[in-house]
Amino acid sequence: MRKLPFLIVAGSFTAVVAAGAGAWHFFGPAGAQTSAKADKGEITTASIDTRAPKSNSTAPAEPPPRVQAVAAAPAAAPMPAAPAVEKRPAIAKPVCNNPNALGVSRTVQIDTTGGPGLGLSQYRDYDFLQPGEVVLTFDDGPWPVTTPAVLAALSAQCVQAVFFPIGKHATWHPAVLKQVIAAGHTVGSHTWSHKNLASRPAQEATDEIEKGISAVSMMAGTPIAPFFRFPQLRQTPELKAHLAERNIATFSIDIDSQDFKIHKPDALVTSVMTQLKKKGKGIILLHDLHKWSAAAVPEILNQLKAGGYKVVFIRAKDTLATLPDYDAMVAAEVQPVKTSNARPISNVIQTVD
Ligand SMILES: [Zn+2]
């Protein structure tokens, strides 16, 4: 497969040894400051195999601007006529029945050509948020009960978010993923099984990325956004180059809710709002997998509104094409488990007394 030159972004840069590397790999100057904290991220979801259902269910040197504001609320500004073919399917804007809702302040569209990085903790090229603006992102779903609870909270406040589902979770709970799609949120991907890709051989790590994309796309029933987030934010230059070649944007974060270790909703709200007050804006990381996170979302939204913060919704200019080989791998894994349940019930179970 053709390889692009590495995209070397200014700032300190740690050479990466993929195998066994425990270190973080940041492209930006903020890396050294954030690595210690971020290193603890997502420990509760590092291994997902134990979560399997019990039943048989199965930086470019001189890049052009890529972040483009396309709409502003409350006015339903029509999209300007695009000269190029719009590959992203049109999604009707959800109806908002709450006049006092927080709402989406503006929608930005990302041209992911060349694989830009977003989120100032690792990427500093695209500082597109204005003071007071936040982006809501949710990782590690889809998950029963908790993901629908997050969706309900977002809907109640008429806000939209970006979701990064795990491939395996999508195959276990496709109906939940479809709810996320139906609600008009942006859906990217977050690997097949949430491994720390920086500690895996390059081919295995690439497979994790692509299989995750195929699984989420297949279960969503529609092409997804070319948006990706590394588990635990652990990347390597090789994988970043792969994403660049695939024109997939990498999402980092600005504000870590720390819901991997804060399990009380009230404390989680305080964690988010305290960090937000300090930074003034940013991409917020939460996990729709956790019940405490889902429980905290309504109050986080309340406090965002009370604090005068504005929610920015991010969507992609184009959709992401899956790779057929990985589609086949996923399809092979989600085949229904063969059982003897195909026989009519009367042939199997009879009242005899
Ligand atoms: Zn994750």
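Residues numbered from 1 in each chain as written. Predicted model: local features only at pLDDT ≥ 70, side-chain atom pairs only at ≥ 80, totals over all residues. Heavy atoms only, no water.

A closer look at the overall build of the chain
Tallying secondary structure elements over the chain gives 10 helices and 11 strands in all. Residues classed as buried in the chain amount to 52% of the 353 residues present. (Helix = DSSP H or I, 4+ residues; strand = E, 2+ residues; numbered from the N terminus. Buried < 20%, exposed > 50% of the residue type's maximum accessible area, 1.4 Å probe, protein only.)

Thoughts on the confidence of the model for the chain
Per-residue pLDDT for the chain averages 81, and the proportion of residues at 70 or more is 72%. Counting interchain partners and residues more than four positions distant, the pLDDT-below-50 stretch residues 1-45 has 97 contacts. In the model, residues 73-86 has pLDDT below 50 throughout and makes 12 contacts with residues more than four positions away in sequence or in other chains. (pLDDT = per-residue confidence, 0-100. Contact = heavy atoms within 4.5 Å.)

Describing the packing of aromatic side chains
In total, this model carries 5 aromatic pairs according to the counting rule given. Centroid distance Phe138 to Phe163: 5.2 Å. Interplanar angle 25°. Geometry classified as stacked. Taken as a pair, Phe138 in strand β4 (residues 133-139) and Phe163 in strand β5 (residues 162-164) lie far apart in primary sequence, 25 residues in all. Relative accessible area serves as the criterion here: at 1%, Phe138 is assigned to the buried category. Each ring, one from Trp143 and one from Trp172, has its centre 6.3 Å from the other, and the planes form 65°; the classification is edge-to-face. On the criterion of sequence distance, the pair formed by Trp143 in the loop between β4 and α2 (146-156) and Trp172 in helix α3 (residues 167-172) is long-range, its members being 29 residues apart. An identical accessibility class is assigned to Trp143 and Trp172; each is buried. An aromatic cluster of three or more residues is present, and its members are Phe164, Phe227 and Phe251. (Phe/Tyr/Trp six-rings, centres within 6.5 Å; stacked < 30°, edge-to-face > 60°.)

As for the state of the cysteines
Applying the stated criterion across every chain, the model contains 1 disulfide. A disulfide bridge connects Cys96 with Cys158, and the sulfur atoms are separated by 1.9 Å. As the torsion about the S-S bond is roughly 85°, the Cys96-Cys158 disulfide counts as right-handed. Remark: Cys158 occurs in the loop between α2 and β5 and Cys96 occurs in the loop between β1 (67-72) and β2 (104-110); sequence separation between them is 62 residues. Using a relative accessible area of 17% as the deciding quantity, one classes Cys158 as buried. (Disulfide = S-S within 2.5 Å.)

Regarding α2
When we look at burial in α2, the residues that qualify are Thr146, Thr147, Val150, Leu151, Ala153 and Leu154. One face of α2 carries all of its buried residues, which in axial projection span an arc of 165°. Of the surrounding elements, those touching the buried residues of α2 are β4, β5, α4 (174-182) and α8 (291-306). (Arc of directions from axis to C-beta.)

Quick notes on the pairing of strand β11 (residues 310-316)
Put simply, side chains in a regular strand alternate between the two faces of the sheet. For β11, the tally of buried residues reaches 6 of 7 residues, placing the bulk of the element in the interior. Pairing of β2 with β11 involves 6 bridges; the strand directions are parallel. The residue bridging Thr107 from the neighbouring strand is Phe313, located in β11. Judged from the 2 bridges that link them, β4 and β11 form a sheet pairing that is parallel. Opposite Glu133, over in β11, you have Lys310 as the bridge partner. (Pairing = 2+ DSSP bridges.)

Some details on the side chain of Asp288
For Asp288, the location among the structural elements is in the loop between β10 (282-287) and α8. Buried charge without a partner: Asp288 forms no salt bridge, and the closest opposite charge is Arg229, 8.7 Å away. (Lys, Arg positive; Asp, Glu negative; His and termini not counted. Salt bridge = Lys/Arg side-chain N within 4 Å of Asp/Glu carboxyl O.)

Describing unusual backbone geometry
In the segment running from Gly141 into Pro142, the intervening peptide bond is cis, with an omega of -10°. We note that Cys158 has phi near 55°; this positive angle belongs to a residue other than glycine. The phi dihedral of Asn247 falls on the positive side, at around 60°, and the residue is not glycine. Summarising the element assignment, Asn247 is placed in the loop between α6 (237-245) and β8 (249-251). Classification of Asn247 by relative accessible area gives partly exposed; the value is 32%.

Some remarks on the nonpolar core
Of all hydrophobic cores here, the largest spans 51 residues; its most connected members are Leu136, Phe138, Leu154, Phe163 and Leu304. Of all the secondary structure elements, the ones that give two or more residues to this core are β4, α2, α4, α5 (202-220), α6, α7 (265-279), β10 and α8. Beyond its immediate sequence surroundings of up to four residues, Leu154 is in contact with Leu136, Phe138, Val159, Ala161, Phe163, His185, Val297 and Leu301. In this structure, Val135, Val162, Ile283 and Val312 belong to the second largest nonpolar core, which totals 17 residues. (Core = buried A, V, L, I, M, F, W, Y, C linked by side-chain atoms within 4.5 Å.)

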